[in-house]
Amino acid sequence: MPLRTSHYPFSAIVGCDAEPLDDLGLSLALASVSPEIGGVLVRGQKGTAKSTAVRALASLLPPVEVYRGDRFSVDPADPAQESPDGPFPPGTAVEGRPVRLVELPVGATEDRVLGSLHLEQALTHGQVAYEPGLLARSHRGLLYVDEVNLLHDHLVDLLLDAAATGRVTVERDGFSVEHAARFLLIGTMNPEEGELRPQLLDRFGLTVEVAAPSDPAARVEVVRRRMAYDSDPAAFSDRYDQAEKALAERIATARETARRGRLSDAALLKIAQVCAAFEVDGLRADIVTARTALAHAAWQGRTSVTLADIRRAALLALPHRRRRNPFDAPGLDEELLDRILGDEEPPPDDPEPPGGSHDPADSGDPAAPGEDGAPDTDGQEEGPSQAPDTGADGPEQPPAPPQGPEGSQGPEASERTEEPEGDEAGPRPTAGTTVRASAPYRPRTFTARGTGVGADGRRSRAIGTRGRRIGAEPPGGGSGSSLHLVETVKAAASRPHGGGRVSLRPRDLRVAVREGQESNLVLFCVDASGSMAARKRMGEVKTAILSLLLDAYRRRDKVGLVTFRGTKAELVLPPTRSVDAAAARLDELPAGGRTPLAEGLLEAARVLRRERLRDPRQRPLLVLVTDGRATGGRGSVGRSLEAADHVAALGVATVVVDGESGPLRLGLAAALATRMGAEHLPVSEVSADALGNAVRERAA
């Protein structure tokens, strides 16, 4: 078949140019052999050929046959598939076309993805017509989402529905349409920019981690090939034409072989043992691993599945299904995997199994579980450790002692009081050491004041493309894009028509204004000085921050981290959507030294101003974690008060998490919060359960 050469050739990518293929090339090839696997998620830093490989894949796939003029690409050989453009009578022309690679932009609207009313037909001819969306175009093809982790939640929901049912139903604006949408979903992402929602992560059959090669010779070869392609794309593609054809033929052959492939009961038992030992959620992992093992066997030219096929399938299908929360690193213990699989190949099934039943204990498989369940015991003892519980049941927080009077201290007390008071603070670690957080809990919900217009999220109230409809406006206001049919007709009817029928004009168009929720920038400004360095106190603070980070992940926020200790403040994590990176920085955070509170506040203000210039629509939320002491240099108290006034002038919603503990409290953080117009919250009350208990006690 003719191959398209508009993209960099697949076989020219270093790692995809020889047998065996690397993880990236193999995962894309296996998903092409068996689309039922469910797609591929490619994780890696920028500049690692993720998008290049995906765009090159489409030219290797066999063409599809469609009815001429059918916008929904139903299969003429499958009478069960119905097209909204049909029905097609016998004798309708059928033509072949290349597999489509449909790219879904992260900023796409719901109308563009699902399809919408054909406005030109409606306004010009008064006809209700449906304009297919990207999901319709991707049927029987590839749907590619670059930076899939940045996809808005409402688009993720649409993808989940389509991936689960293989169909799309659109009922809006006066029409009802249902069409098939079976596609190979491929996503690429940079983990530094944030993680993927667990629901969508599970929909990807396979996942691979890619990184730039560390071998200088390999890096040189990458640069050499790229420069050759850029200087003469046509000549470069011709050099790899035969390799491309060979790969395309191998994929087509493997598809036929996979249809004849068969998994023995012993092989299925091995797969089940592996999935159970690694404690993956649900049964989708078992199904995907089985399909991947069959595809891998077919890729190798075999119809029977071996241990090598199961091992390769597990390494591609299971790592992302082991994650219990976003702070867990994906991966698989290969030594444990090898112990579960053993050395003896699974025997083939008896061609005529007696009685139609099969006893795993009679399979001859030494790894089959018996009375003692040895493989399962290994999985429990040496498998992946349990992730922290991210629910509401966290460690019990000690009740906060009564707050002391805020006026019982002065600047002198602030400057000379650096040591934690009493036994509540616990032993002090040496300067520069780190204290780890405990298991996170469900924190209180903090929001930005007022109503914003930021990107869709789950934190603060905002006008956007999702939520309840509260009005309508002419298009271009930026609040929404879905047609408000009633308001459009009312606008047209309000014009004089001389007694004739109402006619629609472009200026009559109205779109819905919706109120929903937005994501925010949550900037943590953390006091890591000696006054916060007591082991128990810093442990409570880190646990509170970790809980708030997990909450920010669930609400699709960006997070940043500023710390201050000694003589300076430092932006240890620029604003990002990767809570993994923030948790890692927090875990490594040392404590000790004096408290340059003013420098910390000024650094936070600098970050907030810069982010406001980058994205004026994204509203920030500042979380200042401190005990309120200021001991960093001359005039530290006065400078900290001036810095507090400066931050307050920015108009940023601020929460002061008070890290002070012990029987004697100076109330400095509470006074600082009052000066900044911020909400004050003791660290022991960050937990939602602690807040509920306090409310119930006061009510009693």
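Residues numbered from 1 in each chain as written. Predicted model: local features only at pLDDT ≥ 70, side-chain atom pairs only at ≥ 80, totals over all residues. Heavy atoms only, no water.

Novice: Is there a simple way to explain the overall build of the protein chain in this structure?
Specialist: Along its length, the protein chain carries 23 helices and 20 strands. The proportion of buried residues among the 700 residues of the protein chain is 50%. For the protein chain, restricting intrachain contacts to residue pairs at least 6 apart in sequence, the fraction spanning at least 24 positions comes to 80%. Carbon and sulfur atoms make up 51% of the accessible area of the protein chain, which totals about 32000 Å². (Helix = DSSP H or I, 4+ residues; strand = E, 2+ residues; numbered from the N terminus. Buried < 20%, exposed > 50% of the residue type's maximum accessible area, 1.4 Å probe, protein only. Contact = heavy atoms within 4.5 Å. Areas by Shrake-Rupley, 256 points an atom, 1.4 Å probe, with all protein chains shown as cover.)

Novice: Would you explain the packing of helix α13 (residues 307–317) against helix α14 (residues 334–341) in this entry?
Specialist: Two numbers describe a pair of packed helices, the interaxial angle and the distance between the axes. Relative to each other, α13 and α14 sit at 145 degrees, their axes nearing to 11 Å. The chirality of how α13 crosses α14 is right-handed. Here Leu-307, Ile-310, Arg-311, Ala-314 and Leu-315 of α13 lie close against α14, whose contacting residues are Glu-334, Leu-337, Asp-338 and Leu-341. Looking at the contact of α13 with α14 residue by residue, the class counts come to six nonpolar, no polar and three charged. (Axes fitted to C-alpha atoms, helices over the stretch in contact; angles between N-to-C directions. Left-handed = near helix turned anticlockwise from the far one by under 90°. Nonpolar A, V, L, I, M, F, W, Y, C, P; charged D, E, K, R; others polar.)

Novice: I'm lost on the nonpolar core in this one. Help?
Specialist: Soluble, globular proteins show a tendency: their nonpolar side chains are buried together. Grouped together as the largest cluster of nonpolar side chains are 45 residues, with contacts concentrated most on Phe-10, Leu-28, Leu-142, Ile-186 and Trp-299. For this core, the element with the highest residue contribution is helix α1 (residues 23–33), accounting for seven residues. Each residue touching Ile-186, except ones within four places of it in the same chain, is listed here: Leu-28, Val-40, Val-54, Leu-57, Leu-142, Leu-143, Tyr-144, Val-145 and Phe-204. (Core = buried A, V, L, I, M, F, W, Y, C linked by side-chain atoms within 4.5 Å.)

Novice: Please clarify how the environment of Ser-519 should be interpreted in this entry.
Specialist: Assignment of secondary structure puts Ser-519 in the loop between β14 (511–518) and β15 (521–527). Expressed as a C-alpha distance, the spacing of Ser-519 and Gly-452, which sit 67 residues apart in the sequence, is 9.7 Å. Non-local contacts of Ser-519, meaning those with residues more than four positions away in its chain, are made with Ala-455, Asp-456, Gly-457, Arg-458, Arg-555, Arg-556, Asp-557, Arg-577 and Gln-618.

Novice: For this particular structure, what's the right way to read the packing of aromatic side chains?
Specialist: Enumeration according to the criterion identifies five aromatic pairs in this entry. Centre to centre, the rings of Tyr-8 and Tyr-229 are 5.1 Å apart; their planes meet at 65 degrees, and the pair counts as edge-to-face. Of the two residues, Tyr-8 is situated in the segment before α1 and Tyr-229 in helix α8 (residues 216–231); the sequence distance between them amounts to 221 residues. Note on Tyr-8: relative accessible area 8%, which makes it buried. Residues Tyr-229 and Phe-236 carry aromatic rings whose centres are separated by 5.7 Å and whose planes lie at 80 degrees to one another, so their mutual orientation is edge-to-face. Take Tyr-229: its relative accessible area is 10%, and that puts it in the buried class. Taken together through their ring pairs, the aromatic side chains of Tyr-8, Tyr-229, Phe-236 and Tyr-240 make up a single cluster. We note Arg-250 situated over the ring of Trp-299; from NZ or CZ to the ring centre the distance is 4.0 Å. (Phe/Tyr/Trp six-rings, centres within 6.5 Å; stacked < 30°, edge-to-face > 60°. Lys NZ or Arg CZ within 6 Å of the ring centre and 35° of its normal.)

Novice: I tried to follow the sheet that holds strand β13 (residues 468–473) on my own but got confused; where do I start?
Specialist: What holds strands together in a sheet is hydrogen bonding between their backbones, with the strands either parallel or antiparallel. The strand order across the open sheet formed by three strands is β12-β14-β13, and the pairing between neighbours is antiparallel. In the strand order of this sheet, the two ends are held by β12 (456–464) and β13, each with one partner. Neighbour-to-neighbour, the strand axes of the sheet open up by a mean angle of 35 degrees, direction not taken into account. The pairing of β13 with β14 spans five bridges and is antiparallel. In the sheet register, Arg-468 faces β14, and the bridge partner there is Glu-515. (Pairing = 2+ DSSP bridges.)

Novice: What exactly am I supposed to notice about helix α11 (residues 265–277) here?
Specialist: With 13 residues, α11 extends 18 Å between its outermost C-alpha atoms, agreeing within 8% with the 18 Å of an ideal straight helix rising 1.5 Å per residue. Buried within α11 we find Ala-266, Ala-267, Leu-269, Lys-270, Ile-271, Gln-273, Val-274, Cys-275 and Ala-277. Phi turns positive one or two residues past the end of α11, at Glu-279, with a value near 55 degrees. (Expected span 1.5 Å × (residues − 1).)

Novice: Any chance you could explain the sheet that holds strand β20 (residues 679–682) here in plain terms?
Specialist: Read across the open sheet, the six strands follow the order β17-β16-β15-β18-β19-β20; overall the sheet is mixed. The open sheet has two free edges, formed respectively by β17 (568–576) and β20, since each of these has just one partner strand. Recorded for the sheet is a direction-independent mean angle of 15 degrees between the axes of neighbouring strands. Relative to β17, strand β16 (residues 558–565) runs antiparallel, the two sharing six bridges. If you follow Val-559 over to β17, its bridge partner there is Thr-576.

Novice: Explain the pattern of salt bridges here, please?
Specialist: Two side chains carrying opposite charge are able to pair once their charged atoms lie near each other. As enumerated under the stated definition, the model contains 32 salt bridges in all. Between Arg-55 and Glu-103 there is a salt bridge, with the nearest N and O atoms lying 3.0 Å from each other. Taken together, the residues Arg-55 in helix α2 (residues 50–57) and Glu-103 in strand β4 (residues 101–103) connect sequence positions 48 residues apart. Judged by its relative accessible area of 36%, Glu-103 is partly exposed. Note that Arg-226 is salt-bridged to Asp-230, the shortest N-O span being 3.2 Å. Pair noted here: Arg-226 and Asp-230 are both in helix α8, with a separation of four residues, about one helical turn. Relative accessible area serves as the criterion here: at 35%, Arg-226 is assigned to the partly exposed category. (Salt bridge = Lys/Arg side-chain N within 4 Å of Asp/Glu carboxyl O.)

Novice: I tried to follow unusual backbone geometry on my own but got confused; where do I start?
Specialist: Across residues other than glycine, the phi torsion is negative in most instances, and most of the peptide bonds are trans. With omega at 0 degrees, the peptide bond leading from Gly-86 into Pro-87 counts as cis. Mapped onto the elements of the fold, Pro-87 is located in the loop between β2 (64–67) and β3 (94–97). The backbone phi angle of Ser-73 is positive, close to 55 degrees, even though this residue is not glycine. Relative to the helices and strands, Ser-73 is located in the loop between β2 and β3. If you check the backbone angles, Glu-279 has positive phi at about 55 degrees while not being a glycine. Counting through the fold element by element, Glu-279 comes out in the loop between α11 and α12 (284–299). Given the relative accessible area of 25%, Glu-279 is considered partly exposed.

Novice: Would you explain the environment of Arg-555 in this entry?
Specialist: Secondary-structure assignment places Arg-555 in the loop between α18 (535–554) and β16. Along the backbone, Arg-555 and Asn-520 are 35 residues apart, and their C-alpha atoms lie at a distance of 8.6 Å. Dropping the residues within four chain positions of it, Arg-555 is found in contact with Thr-445, Gly-457, Arg-458, Arg-459 and Ser-519. Within the structure, Arg-555 has its side chain in polar contact with the side chain of Asp-551 (distance 3.0 Å). (Polar contact = N/O pair within 3.5 Å; in protein donor to acceptor, adjacent residues only side chain to side chain.)

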